[in-house]
Amino acid sequence: QVQLVESGGGLVQPGGSLRLSCAASGRIFSINVMGWYRQAPGKERELVATITNGDSTNYADSIKGRFTISRDKAKNTVDLQMNSLKPEDTAVYFCNVADPYGTYWGQGTQVTVST
């Protein structure tokens, strides 16, 4: 099992920035992909960004150029730097990791972009 704890959500004005962080614990030696997903009210959960053990990244088109995913293998953390935030970025953001045995989710952290 892998346990995930997220932090860093909150309320921000349009154009602002937030940084989300996710710390993994437990069976971390088998993790091969870490990432972030989000779910807005009334919508399905969607991919935001992922990063592999080899530091290959994948981003949703809607956030390319504004968000950056990074991973600290020594600390077993994955961060999401979010810049130029828009109201449509409002959602609950979930950390996700995958290993050969399954996928694991954090509890989610709310990000609200509003005036």
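Quick caveat: nothing in here was measured; it's all calculated off a predicted structure.

**Considerations on the overall build of the protein chain**
So, point 1. Within the protein chain, the regular secondary structure consists of zero helices and 11 strands.
So, point 2. When its helices and strands are written in sequence order, the protein chain yields β-β-β-β-β-β-β-β-β-β-β.
So, point 3. The globule rule puts the C-alpha radius of gyration for 115 residues at 13 Å, and the 13 Å found for the protein chain is close to it.
So, point 4. The principal-axis extent of the C-alpha atoms belonging to the protein chain is close to 40 × 25 × 20 Å.

**A closer look at the sheet that holds strand S1 (residues 2-7)**
So, point 1. The sheet built from four strands is open, its strands ordered S1-S3-S8-S7 with antiparallel pairing. Every interior strand has two partners, whereas the edge strands, S1 and strand S7 (67-72), have only one. On average, each strand axis in the sheet is inclined to that of its neighbour by 15°, with strand direction left out of account.

**Section: the pattern of salt bridges**
So, point 1. Scanning the entire structure with this criterion turns up six salt bridges.
So, point 2. Of the charged contacts, one joins Asp 99 and Arg 27 as a salt bridge, the two residues approaching to 3.2 Å between their closest N and O atoms. On the criterion of sequence distance, the pair formed by Asp 99 in strand S9 (residues 91-99) and Arg 27 in the loop between strand S3 (18-26) and strand S4 (33-39) is long-range, its members being 72 residues apart.
So, point 3. When its relative accessible area of 7% is taken as the criterion, Asp 99 is described as buried.
So, point 4. Arg 38 is the salt-bridge partner of Asp 89, the closest N and O atoms lying 3.0 Å from each other. On the criterion of sequence distance, the pair formed by Asp 89 in the loop between strand S8 (77-82) and S9 and Arg 38 in strand S4 is long-range, its members being 51 residues apart.
So, point 5. Exposure remark for Arg 38: the relative accessible area of 6% places this residue in the buried category.

**Some points on the state of the cysteines**
So, point 1. Applying the stated criterion across every chain, the model contains one disulfide.
So, point 2. Each disulfide pairs two cysteine sulfurs, and for Cys 22 the partner residue is Cys 95, the sulfurs being separated by 2.1 Å. Taking the torsion about the sulfur-sulfur bond, which here is approximately -80°, the covalent link between Cys 22 and Cys 95 counts as left-handed. With Cys 22 in strand S3 and Cys 95 in strand S9, this residue pair connects regions lying 73 residues apart in the sequence.
So, point 3. On the accessibility criterion, Cys 95 (0% relative accessible area) is buried.

**Describing the nonpolar core**
So, point 1. Judged by nonpolar contacts, the single largest core of 30 residues is most densely connected at Trp 36, Leu 80, Met 82 and Tyr 93.
So, point 2. Of all elements in the fold, only S1, S3, S4, strand S5 (46-52), S7, S8, S9 and strand S11 (109-113) reach the threshold of two or more residues within this core.

**Describing the side chain of Arg 38**
So, point 1. Of the polar contacts made by the side chain of Arg 38, one reaches the side chain of Ser 62; its length is 3.4 Å.
So, point 2. Within the structure, Arg 38 has its side chain in polar contact with the side chain of Asp 89 (distance 3.0 Å).
So, point 3. Those residues in contact with Arg 38 that sit more than four places away from it in its chain are Glu 44, Arg 45, Glu 46, Val 48, Ser 62, Ile 63, Phe 67, Glu 88, Asp 89, Ala 91, Val 92 and Tyr 93.

**With respect to the side chain of Thr 109**
So, point 1. When you line up the elements, Thr 109 lands in strand S11.
So, point 2. Thr 109 gets classed as buried once you look at its relative accessible area, which sits at 12%.
So, point 3. From its side chain, Thr 109 meets the backbone nitrogen of Gly 9 in a polar contact 3.3 Å long.
So, point 4. The contact partners of Thr 109, leaving out residues within four places of it in the chain, are Glu 6, Gly 9, Leu 20, Ala 91, Val 92 and Tyr 93.

Parameters at a glance
Residues numbered from 1 in each chain as written. Predicted model: local features only at pLDDT ≥ 70, side-chain atom pairs only at ≥ 80, totals over all residues. Heavy atoms only, no water. Helix = DSSP H or I, 4+ residues; strand = E, 2+ residues; numbered from the N terminus. Rg over C-alpha atoms; globule rule 2.2 N^0.38 Å. Pairing = 2+ DSSP bridges. Axes fitted to C-alpha atoms, helices over the stretch in contact; angles between N-to-C directions. Salt bridge = Lys/Arg side-chain N within 4 Å of Asp/Glu carboxyl O. Buried < 20%, exposed > 50% of the residue type's maximum accessible area, 1.4 Å probe, protein only. Disulfide = S-S within 2.5 Å. Core = buried A, V, L, I, M, F, W, Y, C linked by side-chain atoms within 4.5 Å. Polar contact = N/O pair within 3.5 Å; in protein donor to acceptor, adjacent residues only side chain to side chain. Contact = heavy atoms within 4.5 Å.

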